[in-house]
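Each chain is listed here by its residues.
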Amino acid sequence: MKYKIIVFGCGFNQIDAERAAAVLEKIGYQSTEKDFETDLFLVLACSVRQSAIDRVMGLEHRFNQIKKTRPIITLLSGCVLPTDKSKMSKFFDIVFPINDLVKLPVMLAQKSLDLPTDYLKVRPSYRSTFQASVPVINGCNNFCTYCAVPYVRGREKSRKAKDVLAECQALVAQGYKYIELLGQNVNSYQDGRINFPKLLKQVDNIPGDYWLSFASCHPKDMSDELIAVMGKAKHLIPYLNLPLQAGDNEVIQRMNRNYMVSHYKNLIRKIRKAVPGIAVSTDMIVGFPGETRTQFNNTAKLMKEVEFDMAFLARYSPRPGTAAAKLVDDVKPAEKKRREEALNKILKQTALKKNQVFVGQNIEALVTEYRHGFCFGRTKHFKNIKFKSEVDLTGQLVLVKVTSCYSWGLRGELPKVVVILGTTSAGKTSLAVKLARKFKGEIISADSRQVYTGMDIGTGKDLEEYGKIPHHLIDAELPKNQYTLAQWQQGANAAVKDVLQRQKLPIVCGGTGLYISALVDGYQLAQASEDKQLRNRLARLTLKQLLARLKKVDPKTYEVIDRQNRRRVQRALEIYYQTGITKSQQAKPQKPPYQFLKLGITFPKEVLKARIAKRLKHRLEKEGMIEEIKKLHQQGVSYQRLEEFGLEYRWVGRYLRKQLSYEEMYNNLEKAINDFAKRQMTWFKRDQEIEWVSDYQQAERKIRKFLSDKG
Ligand code: SF4
C-alpha cells in the first residue's frame, strides 16, 4: 500500500505532512511520488490564496481519471475554509481537521494506534536528512482581515518548550544542519514563563554545527528582548522575514495589523543595529480593498527606503469568511498587476544592491541539491547560490566564494587554498611568508613537530621570519603530550575555515606529506579516544614487540609506517584495539570543499645537500640547538619522547645521554636529515598534482593564475 502527500501552502503544511507521513507509515503505508502506484492521496490544502484553492480544485479531474482504473482513497486536510470544504468534499473520501490527524488510523478503519493526542507530538518522518522545520506554535489570534489562518487553524496553541527542545536536540544529534522554528505567529509563543526569546535562546544553546532560523514574525510582537537574543545568538542565521504587508498606515489599520509604519521602520533600524549585515525580507499585499494610488505609492516609497533583500509579493484575493471579504474588492486586476510589477522593480534594484556586497567574499552556504556538476543551496543570509563542484556536497555547510550576483541569487566557486611544500631546508617558510605578504595570506603549518612548544630550532620554526603574518598550528601543544594526526587534521580544517571567513588566503606550509594529504585528500581518520590503561599496557612493550603486533593486525600499515617512530606504531595499534578498524581500513577519503594549489619547492640534489649541511652547522653552532634540547629534557620531556620526535631530537638526545660523541652525533644527524629529505621527495614525487617551482617569481605567477581562474 502506497501513499502520496500533496502539499500546498506554507512551511506549516510541510510540518503537518511529515507528521501525517509518520502516521501513515505506522499503519503500513509506504511513500511514493508516482500517481500510478498510489493507493492513498492526502492533500494538505492552503486557504491563504485563491490560487492554492484553485489548484486543489484542479485535482478533481486527476482523481476521477485514476478512480476509473482502480480504487484509491483521497483525503483532505490542512487549512480548509468551511466554504471551500463543501465544494471539495465532493471528490475527497474523507475531509478532516489536521488536529484530528492522530484519529486517521480509525478513520481508515484500521485498528487504533497508540498515538499522542496532540498531533504535533507525533514523531515526524522528516522529508530531508539535513534540514527540518520544528513547530513551536500553531494557530493565530490576530485576525488580520485578509487572512484565513485563525479560521482554519484556530487560536494560538504553543507547544511545550521541553518538547520543542527535545525535537531540536534530536535533530542536532542526528547531524541536521538547519532547523527552522515555525509558527503562524512565532513570536507570540508562550509556555508558562517561557516566551519566544527565551525558547530561542535555549534552542540556540544546543551545541553543534547547525543553522537556526524562525518564521513567521508579527511586527507588533517583535520585542526588544527578542532583538537582543538575535544579536547574541551563535547559531541563528543573519536573516529575518518580517512581513510588512503594506506601507501605508491606513491600509495597515484596515488590515487589522496593529502597528504603524514608523514602528516597522524603527524595528528594522534596531534589528540591523543588533545584527549587522542581517538580510531582511518581507511579505507585501498589493490591491487590498480601498488601497488608493497614493496609499500604494506610500508602500512603494517605504520599500525603496527600507531596501529589502527579498520580498514575497501577492495580489490581494478575498478569502471567504474573512472580514476583508465583506469589503469591496475595488482595485482592478490590471491595477493589482501593475502595482505588483512596480514593487518588483524596486525589489530587483535593492536585492541586487544587497547581493553585490557579497561578491568576492567567502560565505557559508547549505547545499540543498546537486545537478549536472553544480551545487545549489542557500547562503546563511538566505540567498540562492550556485557553484561548480566535482563532488556532491548536498546536506553540508560549506564555504563558497561569491564570484558574481544577480537580483535573485549569487554565483560562486569553492574557495581556494595554497599549499607550499618541499623537503627540509628547502626554504618553505621564507617563501610562504613572502607570498602571504603579497596575497593577504595566513600560514597554517603542516609540520608534525612545529605544533609543540619549545621545539623551535630543531624544527626550523623561524618565528621571527613571520613578522606580522598570522600563523596557525604552531606551538599548539606541550611536547610531553601527544598531538595526533587526527587532531592536526581537525585543527587544520578549522584554521582554513577561519582564515577564509576572514576573507584571507590560507597558505598551508610544511614538509610532512602525510599531514598535507590528510587535509587535501580528506583522510577519514579513526578518532580513538584517550584510553590510559591501553596506552600504559602498550607502553610496557618494546618497539620490536609493538611492530610484531602491528605486522599481524595491519600488515599494510606495517609496510609504510616509520618503524623507528614508536609513537606512530603505538598509535596505529591503539586505533585498532579501540575501534576494531585498522589504520589501512579507515573510511574512504572525503575531499574537503576547497580548491587546492600545491606548489613544491625543488632544487638540484647537490644544492639541497649543501643547504642541509649549512643549516645543520648553523643550528648546532650558532642557534643553540643542543641547549634547546637539553632544556626540553630538563622541563620533563623524557629521552624516550625525544627519540619519538626523530632527527635532531633523537640524535642530540643520544649525544646528551653520552651514547655518542659530538662528531658521531653530527655525522649521524646529517645523514638522517639527508635520508629524511630523500623520503620526503619520494612521497611528494608520487603526487602528480604538485606544481614544482624553484623561486619566488614562479610561485607568485602560479598563485596569481590560480586565484584568477574561474573555478
Ligand atoms: Fe494570518 Fe495575521 Fe495570523 Fe499571520 S498574523 S497568520 S496574517 S491572521
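Rules of the game
- Residues numbered from 1 in each chain as written.
- Predicted model: local features only at pLDDT ≥ 70, side-chain atom pairs only at ≥ 80, totals over all residues.
- Heavy atoms only, no water.
- Salt bridge = Lys/Arg side-chain N within 4 Å of Asp/Glu carboxyl O.
- Helix = DSSP H or I, 4+ residues; strand = E, 2+ residues; numbered from the N terminus.
- Buried < 20%, exposed > 50% of the residue type's maximum accessible area, 1.4 Å probe, protein only.
- Axes fitted to C-alpha atoms, helices over the stretch in contact; angles between N-to-C directions.
- Parallel < 35°, antiparallel > 145°, perpendicular 65-115°, else oblique.
- Left-handed = near helix turned anticlockwise from the far one by under 90°.
- Contact = heavy atoms within 4.5 Å.
- Nonpolar A, V, L, I, M, F, W, Y, C, P; charged D, E, K, R; others polar.
- Pairing = 2+ DSSP bridges.

A few points about the pattern of salt bridges
Here the idea is simple: oppositely charged side chains can pair when their charged atoms come close. Under the definition given, this model contains 56 salt bridges. One salt bridge in this structure joins Glu341 and Lys337, with 3.4 Å as the shortest N-O distance. Here Glu341 and its partner Lys337 are both found in helix H13 (residues 333-356), 4 residues apart, which amounts to about one turn of the helix. In this structure Glu341 comes out as partly exposed when scored by relative accessible area, which is 45%. Lys416 serves as the salt-bridge partner of Glu413, at 3.6 Å between the closest nitrogen and oxygen. In terms of burial, Glu413 and Lys416 fall into one category: buried. Among the charged side chains, a network of salt bridges with common partners joins Glu291, Arg293, Glu335, Arg338 and Arg339.

Brief notes about the packing of helix H9 (residues 224-232) against helix H11 (residues 261-274)
As a packed pair, H9 and H11 sit with axes 8 Å apart at the nearest point and diverge in direction by 25°. Relative to H11, the element H9 lies roughly parallel. As for the relative orientation of H9 and H11, their crossing is right-handed in sense. Residues Asp224, Ile227, Met230 and Gly231 of H9 form the contact with H11, whose own contacting residues are Leu267, Lys270, Ile271 and Ala274. Of the residues contributing to the contact of H9 with H11, the split by class is 5 nonpolar, 1 polar and 2 charged.

Observations concerning the sheet that holds strand E14 (residues 310-315)
The 3 strands lie next to each other as E12-E13-E14, forming an open sheet whose pairing is parallel. Two strands bound the open sheet, and with one partner strand each, they are strand E12 (239-241) and E14. Going from strand to strand, the sheet's axes swing by 15° on average, the running direction of each strand aside. In terms of strand pairing, E12 meets strand E13 (residues 279-286) through 3 bridges, oriented parallel. Paired with Asn241 across the strands is Ser281, a residue of E13.

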